[in-house]
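Analysis of the macromolecular model
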Amino acid sequence: MKFAQPTGAWAGALAASLLCLSAQAAPLTRDNGAPVGNNQNSQTAGPNGPALLQDVQLLQKLQRFDRERIPERVVHARGTGAHGEFTATEDISDLTLAKVFEKGSTTPVFVRFSTVVHGLHSPETLRDPRGFATKFYTADGNWDLVGNNFPTFFIRDAIKFPDMVHSFKPDPRTNLDDDSRRFDFLSFHPESTRTLTLLYSNQGTPASYRQMDGNGVHAYKLVNDQGEVHYAKFRWATLQGIRNFDPKENEAMQGKDYSHLSRDLIEAIDRGDHPKWDLYVQVLKPEQLADFEFDPLDATKIWPDVPERKIGQMVLNRNPQNIFQETEQVAMAPANLVPGIEPSEDRLLQGRLFAYADTQLHRVGTNGLSLPINRPQVEVNNGNQDGAMNFGQTTTSVNYQPSRRENREETPRAVYSQLPLSGTTQQAPIQREQNFKQAGELYRSFSAKEKKDLINTLGGELARTDDEAKHIMLSFFYKADTEYGEGLTRVAKADLNRVKTLAAELQD
Ligand code: HEM
């Protein structure tokens, strides 16, 4: 049988496509590797007929396009990432056996900065904490320090996180932003007073990711080779100097470029202006936890007066080659810990140990940790297997442990430290709350202009809040600092006597 020769428009398109193909070194292929004959025209039944189901290139191209999106992160959806390295500059073997802190060693890192509340393409000018998450590809496996620019958090117990996030996200009925919803929720949570003060200060609108600090927020445990435990808080101190926008500058940027934070980082790295941060640690011995008026394992608190020790430096020096493969698919999780670094008993951190790995099994997939951006630099060697998109090569019959045929050894230095316990199970608030003192100290540390910007911004939002929640929130700020509370009450057009009465009932 003879096939009809191409004629008319079809012949023209075919000739053009062949011309193109011959001009290129690499042929265009389908996903099965087969070369594509014509990528310009669908296959149709005659010049005026419908498209044909047998046009596999058309079908596959649309199918793949239809599936390009994975779920965005439920929080911190908008982010930008960069590669770099961390150098340990101090000997802290008295504190930890973690290889990442061996003096003089360098460890590759990937950092993802982010906004928190809104979606993947939302403006970076929006008032928010900023995420500062670092994946260290250490010689002992991956360690993720998933932190924020603020050193404290709004709440102290993971069971409250979904409610808190719902109250910060747009109204599910209207999809409109409405800060009064968060004040309605937070009026039950005086522990949020300090972090709210940060959020509505100019620190809620950083001018550049390069020009902000990062904080681990929680206490972690450092464990040395004697099994001794120290509680530790980490802070990244920017060497570029801190710079935030005031409300006017922020509004101007919003009208000009709502991707200013990503653009600034990418352009700086491209031109060889590589940003750096020093890593600091504060440490407490377990017995020192009792010495404070507040619970030092409460994520709504900083550790004032505890000396900081500089332990290393990070430089970011390479932009991702593909945002989706690296920045979007990176799976940062507080559960990614390495020998020598363990979680503390902080109730917020304990919930995070579960939540990130769990969401990533859904967001990135069962084998997401095998992707190049997530894969450790050391070999993964266990009996975990199969699942969707598995491309690991299992070459042994022994997919269990222990085995007399081919054992996978346990590592004594990786055994967890031990925590003495007593008492019963319970569901109760922490004992030493001290919700207001550090908020007042923060307010008093601001310059006159910063105080004015904060009072106008926060007071303006509180003015639009329901009467009862507004007065309760104002009483929190008044309890933290009377000048702060009075200023906000004036801008929010609230009743100062009522605020004072409510504040008098609060304990600190
Ligand atoms: C119980 C409290 C919290 C829960 C349940 C929680 C949950 C989550 C979840 C589900 C994600 C998305 C992860 C992903 O899809 O890869 C996320 C992202 C993130 N969270 Fe939290 N979070 C909590 C508190 C915090 C705190 C206290 C901090 C800061 C210390 C923080 C910093 C971040 C950062 C930086 C990201 C983005 C990581 C990235 O860039 O990939 N979160 N959080």
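Here we summarise the structure given alongside this text. (Residues numbered from 1 in each chain as written. Predicted model: local features only at pLDDT ≥ 70, side-chain atom pairs only at ≥ 80, totals over all residues. Heavy atoms only, no water.)

**Focus on the side chain of D295**
- Here D295 shows up in the loop between β8 (276-284) and β9 (308-318).
- The side chain of D295 is buried and forms no salt bridge, while R432, the nearest opposite charge, is found at 4.3 Å.
- The residues touching D295, leaving out its near neighbours within four places in the chain, are K301, I430 and R432. (Helix = DSSP H or I, 4+ residues; strand = E, 2+ residues; numbered from the N terminus. Buried < 20%, exposed > 50% of the residue type's maximum accessible area, 1.4 Å probe, protein only. Lys, Arg positive; Asp, Glu negative; His and termini not counted. Salt bridge = Lys/Arg side-chain N within 4 Å of Asp/Glu carboxyl O. Contact = heavy atoms within 4.5 Å.)

**As for the packing of helix α11 (residues 448-463) against helix α12 (residues 467-480)**
- α12 packs onto α11 with a crossing angle of 155° between their chain directions and a minimal axis gap of 10 Å. In terms of orientation, α11 lies roughly antiparallel with respect to α12. Taken as a pair, α11 and α12 cross one another with a handedness that is left-handed. On α12, the residues touching L458, L462 and A463 of α11 are K470, M473, L474 and F477.
- Considering only residue class, the contact of α11 with α12 consists of 6 nonpolar, no polar and 1 charged. (Axes fitted to C-alpha atoms, helices over the stretch in contact; angles between N-to-C directions. Parallel < 35°, antiparallel > 145°, perpendicular 65-115°, else oblique. Left-handed = near helix turned anticlockwise from the far one by under 90°. Nonpolar A, V, L, I, M, F, W, Y, C, P; charged D, E, K, R; others polar.)

**Considerations on the coordination of the iron atom of the ligand**
- Of all protein atoms, Y356 (OH) alone acts as a donor to the iron atom of the ligand, lying 1.8 Å away.
- Relative to the helices and strands, Y356 resides in helix α9 (residues 347-363). (Donors = N, O, S within 2.8 Å, 3.2 Å for Na, K, Ca; no water.)

**Here's the deal with the site of the ligand**
- Near the ligand, the surroundings consist of 24 residues, among which R73, R112, Y356, Q360 and R363 are the closest.
- Take H76: an N or O atom from its side chain is 3.3 Å from a nitrogen atom of the ligand.
- One of the side-chain N or O atoms of R352 is found 3.3 Å from a nitrogen atom in the ligand.
- For the shell around the ligand, the elements supplying multiple residues, two or more each, are β3 (131-138), β4 (141-148) and α9.
- With 7 residues, the single largest contributor to the shell around the ligand is α9. (Near = heavy atom within 4 Å. Polar contact = N/O pair within 3.5 Å; in protein donor to acceptor, adjacent residues only side chain to side chain.)

**Considerations on the nonpolar core**
- L196 and L458 are the most contacted members of the largest nonpolar core, which totals 41 residues.
- Counting residues per element, the ones that place at least two in this core are α3 (161-168), α4 (179-186), α5 (193-199), α10 (437-445), α11, α12, α13 (482-491) and α14 (496-504).
- Considering every element that reaches this core, the biggest residue donor is α12, with 6 residues.
- Ignoring anything within four residues of it in the chain, the contact list for L458 reads F183, Y200, F477, Y484 and L488.
- One finds F86, F136, L145 and L349 within the second-largest nonpolar core, a separate group that totals 34 residues. (Core = buried A, V, L, I, M, F, W, Y, C linked by side-chain atoms within 4.5 Å.)

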